[in-house]
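What the coordinates show
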Amino acid sequence: MDHYDSQQTNDYMQPEEDWDRDMLLDPAWEKQQRKTFTAWCNSHLRKAGTQIENIEEDFRDGLKLMLLLEVISGERLAKPERGKMRVHKISNVNKALDFIASKGVKLVSIGAEEIVDGNVKMTLGMIWTIILRFAIQDISVEETSAKEGLLLWCQRKTAPYKNVNIQNFHISWKDGLGFCALIHRHRPELIDYGKLRKDDPLTNLNTAFDVAEKYLDIPKMLDAEDIVGTARPDEKAIMTYVSSFYHAFSGAQKAETAANRICKVLAVNQENEQLMEDYEKLASDLLEWIRRTIPWLENRAPENTMQAMQQKLEDFRDYRRLHKPPKVQEKCQLEINFNTLQTKLRLSNRPAFMPSEGKMVSDINNAWGGLEQAEKGYEEWLLNEIRRLERLDHLAEKFRQKASIHESWTDGKEAMLQQKDYETATLSEIKALLKKHEAFESDLAAHQDRVEQIAAIAQELNELDYYDSPSVNARCQKICDQWDNLGALTQKRREALERTEKLLETIDQLYLEYAKRAAPFNNWMEGAMEDLQDTFIVHTIEEIQGLTTAHEQFKATLPDADKERQAILGIHNEVSKIVQTYHVNMAGTNPYTTITPQEINGKWDHVRQLVPRRDQALMEEHTRQQQNERLRKQFGAQANVIGPWIQTKMEEIGRISIEMHGTLEDQLSHLRQYEKSIINYKPKIDQLEGDHQQIQEALIFDNKHTNYTMEHIRVGWEQLLTTIARTINEVENQILTRDAKGISQEQMNEFRASFNHFDRKKTGMMDSEDFRACLISMGYNMGEAEFARIMSIVDPNRLGVVTFQAFIDFMSRETADTDTADQVMASFKILAGDKNYITVDELRRELPPDQAEYCIARMAPYSGPDAVPGALDYMSFSTALYGESDL
């Protein structure tokens with residue numbers, strides 16, 4: 001297949017741009033390329049005053065081809081041949097191809113002969129190569145070039161527009177919005193983009209083509225109908241047309257940039273001139289302010305008052321805070337403007353700025369230095385003057401403050417020291433007054449320094465010729481005189497307080513001694529009265545004897561107690577003597593106790609009255625306890641006989657029920673004789689009940705003469721009667737069972753022997769494990785289920801034990817099971833008839849209850865084909881009885 005390939009040395013064309021002849025077989029694409037390439041060529045040839053009509057015919061002689069290359073490259077080609085012969089045409093075309101090759105384009109399969117012969121495909125391919133080299137190759141956007149650069153440029157320019165998504169150079173442009181977006185982005189006044197619709201591509205395309213041709217000088221290279229009517233518009237035609245937009249807008253942007261540069265230069269010059277004027281004015285204003293301010297700062301005229309000096313200091317602070325900071329800012333801004341101006345002039349290759357005489361930055365700095373020097377001297381002078389006046393004012397104020405504080409402290413102190421409050425105070429109050437006085441003395445000593453400071457300050461003010469020294473001296477003298485008087489009054493009050501304290505301490509010691517002895521003595525009397533009046537409760541003769549002994553011991557302590565009472569009253573009398581002798585004004589009673597001598601005497605008299613009453617009560621209680629002891633001994637003697645007798649009879653009855661001497665009738669006769677002898681013992685029980693009634697009436701609750709209580713005797717007697725009756729009943733039941741089951745005496749003896757052997761606890765009952773061991777010893781071989789069934793028979797209440805009666809019933813039932821089974825099997829044959837099963841309802845209806853339940857427990861469910869609900873396999877019962885069925 002004939003084709004040509006154009007590729008630059010810088011690889012600006014990718015393989016997909018290679019010319020493919022097969023693509024030109026599409027008439028629609030060939031038509032689009034003819035129109036587009038022809039319009040592109042004419043857009044350049046017009047600059048030389050010519051154009052082409054037929055692209056494959058008008059380039060055959062090579063003349064217009066060479067002219068096109070000269071226009072688009074700006075270079076001169078070799079002189080063309082003017083002859084009309086074929087060789088001349090081939091020579092001209094070769095010169096054009098050689099020029100293209102000299103620009104780094106490698107032409108493959110494109111020869112001059114084909115161009116001269118008017119080969120449409122080769123001619124279009126050659127023009128596309130020229131377009132790529134001179135219109136597209138030099139496009140560069142963000143490090144991409146040629147086709148990729150052009151595509152990226154389109155994407156960046158159309159990104160803000162809705163419904164525009166440029167991804168290629170064919171179908172992305174079919175709706176025409178891409179072309180319109182490029183125009184609107186650069187010249188928004190040419191197209192009202194908001195009125196365009198994506199579903200009207202013809203209008204969009206024609207609008208873009210018409211506007212581009214009319215306002216942007218971009219020839220109409222495409223037909224809207226061809227683009228819309230083609231499924232995939234020709235990529236090369238679209239790229240050629242789009243590159244015209246790139247070059248058109250790129251040129252306009254360069255012109256705009258040049259104009260902006262000129263405007264910028266003019267603006268810089270104007271700005272520089274304005275900066276010069278601003279500098280001159282700002283410098284003049286700043287220097288004038290400095291000249292006005294320095295004389296004010298150099299004024300050192302002193303003031304006589306602190307208020308006037310403070311006003312000067314406040315003015316200076318306003319100057320520092322309000323007036324100077326803006327000038328500092330102006331000076332700084334002046335230097336910044338000067339440096340900025342010089343920099344801008346240097347960058348613009350303009351001569352440096354030279355301010356007017358005396359307005360250089362150095363001149364301003366020198367003037368500013370003089371200002372700061374004057375300012376520093378002024379500030380130092382102000383501070384020294386203020387310190388001087390402050391010293392005098394401070395000393396005077398300090399004197400007034402200390403004098404006021406001292407006078408405030410001494411106010412009322414003389415009256416306080418002259419009080420005689422100690423004359424009616426208690427000892428604790430005297431001690432508190434002494435502590436308070438000591439604190440006052442410490443405070444007085446501490447204020448000595450303040451008095452000395454006041455005198456020193458007054459002396460210093462006199463030495464400094466303070467204007468108000470006379471009033472200061474008078475006040476100081478008054479303070480010193482008052483201070484001496486306070487010292488004398490303080491000493492006098494201390495002596496009076498110490499004298500009163502000594503007297504009251506003596507009285508207090510006596511009060512304390514009285515309280516220490518009166519309190520325990522009072523408690524002893526109260527305890528004695530409580531004990532003597534206490535209602536005692538005793539239960540034995542020993543207890544009343546103990547109370548009597550304690551009472552006698554108490555009576556022996558009464559003489560010593562009376563001596564203690566008299567000593568306590570003597571202490572109280574001594575206090576009264578001191579009060580009368582020294583005329584002490586007692587403020588209250590004894591602070592350590594509320595017990596008065598009258599109370600002590602009253603309670604002592606009451607104790608002496610209670611003693612004989614207690615003697616009488618103890619004597620009466622002793623007589624009553626002697627009677628109670630007699631009742632205890634009488635009950636104990638009888639209970640100690642009856643209790644063991646009941647226990648012995650219980651043991652004898654137990655042995656009779658277990659032992660196997662004689663027949664059951666003999667055992668029954670023996671037991672009834674025992675029952676008669678027990679009943680004959682009842683009068684002794686009744687007599688004991690009478691004695692117990694007397695003990696209860698006497699409220700006797702314990703008896704050391706016996707361990708038996710009446711409740712024990714009653715329970716034992718009731719158990720004895722119950723046991724003999726139950727034992728007689730068991731023997732009677734055994735006789736009935738023996739006769740009903742046909743058990744011989746030998747079998748009964750064997751059953752009793754086995755039961756007694758496995759009744760290891762000898763309680764008359766076997767637990768479940770003992771019962772299992774007994775059955776195994778008798779030849780039973782059973783699993784857990786069978787043992788559980790047997791236990792349900794012998795222990796229906798699930799108490800976990802087996803009585804001898806239940807054991808006999810079970811053994812007699814097992815002996816009769818074989819006969820029962822034979823009878824039942826005979827009945828089965830009659831009931832079943834021809835069937836292989838019999839139902840539960842039939843068994844319960846035809847058989848006695850015990851035989852029916854016996855059968856149901858041993859029969860398996862019937863599962864034959866003729867089974868009905870509740871059917872039982874009677875053959876399984878035969879197997880269980882005989883080992884195998886014989887029915």
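Here is what the cut-offs are and how they apply
- Residues numbered from 1 in each chain as written.
- Predicted model: local features only at pLDDT ≥ 70, side-chain atom pairs only at ≥ 80, totals over all residues.
- Heavy atoms only, no water.
- Helix = DSSP H or I, 4+ residues; strand = E, 2+ residues; numbered from the N terminus.
- Buried < 20%, exposed > 50% of the residue type's maximum accessible area, 1.4 Å probe, protein only.
- Areas by Shrake-Rupley, 256 points an atom, 1.4 Å probe, with all protein chains shown as cover.
- Core = buried A, V, L, I, M, F, W, Y, C linked by side-chain atoms within 4.5 Å.
- Axes fitted to C-alpha atoms, helices over the stretch in contact; angles between N-to-C directions.
- Parallel < 35°, antiparallel > 145°, perpendicular 65-115°, else oblique.
- Left-handed = near helix turned anticlockwise from the far one by under 90°.
- Contact = heavy atoms within 4.5 Å.
- Nonpolar A, V, L, I, M, F, W, Y, C, P; charged D, E, K, R; others polar.
- pLDDT = per-residue confidence, 0-100.
- Expected span 1.5 Å × (residues − 1).
- Pairing = 2+ DSSP bridges.
- Phe/Tyr/Trp six-rings, centres within 6.5 Å; stacked < 30°, edge-to-face > 60°.

The helix and strand inventory of the chain stands at 30 helices and 9 strands. Expressed as a percentage of the 887 residues in the chain, the buried residues total 40%. Within the structure as shown, the chain displays about 49200 Å² of accessible surface, and the carbon and sulfur contribution to it stands at 51%.

Within the largest apolar cluster, 79 residues are counted, with the highest numbers of intra-cluster contacts made by I130, F179 and F245. The leading source of residues in this core is helix 7 (residues 120-136), at 12 residues.

With that settled, the discussion passes to the packing of helix 14 (residues 361-410) against helix 17 (residues 469-533). Any two packed helices are characterised by the angle at which their axes cross and by the distance between the axes. Running from amino to carboxyl end, helix 14 crosses helix 17 at an angle of 30 degrees, the nearest separation of the two axes being 11 Å. Considering the angle they form, helix 14 stands roughly parallel to helix 17. Between helix 14 and helix 17 lies a crossing whose hand is left-handed. Contacts between helix 14 and helix 17 pair F399, R400, A403, S404, H406, E407, W409 and T410 from the former with V472, R475, C476, I479, Q482, W483 and L486 from the latter. When its residues are assigned to classes, the contact of helix 14 with helix 17 shows 8 nonpolar, 4 polar and 3 charged.

Glancing now at the confidence of the model for the chain. Summing up the model confidence of the chain, the mean pLDDT is 81 and the portion of residues at 70 or higher is 89%. The low-confidence segment residues 1-25, where pLDDT is below 50, has 66 contacts with residues more than four positions distant or belonging to other chains. Contacts from residues 880-887, a stretch scored under 50 in pLDDT, to residues over four places away or in other chains number 18 contacts.

End to end, helix 8 (residues 146-158) covers 18 Å across 13 residues, agreeing with the expected 18 Å (1.5 Å per residue, within 8%). The set of residues buried in helix 8 consists of A146, K147, G149, L150, L151, L152, W153, C154 and T158.

What follows covers the sheet that holds strand 9 (residues 871-873). Pairing is antiparallel across the open sheet formed by 3 strands, whose spatial order is 7-9-8. The strands lining the two open edges of the sheet, one partner per strand, are strand 7 (838-839) and strand 8 (860-861). Where strand 7 meets strand 9, 2 bridges bridge the pair, whose relative direction is antiparallel. Residue pairing across strands places I838 opposite L872, the latter belonging to strand 9.

The subject of this paragraph is the side chain of R632. Within the secondary structure, R632 sits in helix 20 (residues 597-658). R632 sits in the buried class, given a relative accessible area of 3%. Setting aside residues no more than four positions away along its own chain, R632 makes contact with H539, T540, Q625, I700, D702, N703 and H705.

For the rest of this paragraph, the subject is the packing of aromatic side chains. Ring pairs (aromatic) are described by centroid distance and by the angle formed between their planes. Counted according to the given criterion, the structure contains 27 aromatic pairs. Seen in terms of ring centroids, F179 and F245 are 6.2 Å apart; in terms of plane orientation they differ by 35 degrees. Their pairing is tilted. Of the two residues, F179 sits in helix 9 (residues 177-186) while F245 sits in helix 12 (residues 235-298), which places them 66 residues apart along the sequence. Comparing F179 with F245 shows no difference in burial state: the two are buried. Aromatic pair W645 and Y681: ring centres 3.7 Å apart, planes at 10 degrees, arrangement stacked. Here W645, found in helix 20, pairs with Y681, found in the loop between helix 21 (664-680) and helix 22 (682-697); they are 36 residues apart in sequence, far enough to count as distant. Owing to a relative accessible area of 19%, W645 belongs among the buried residues under this scheme.

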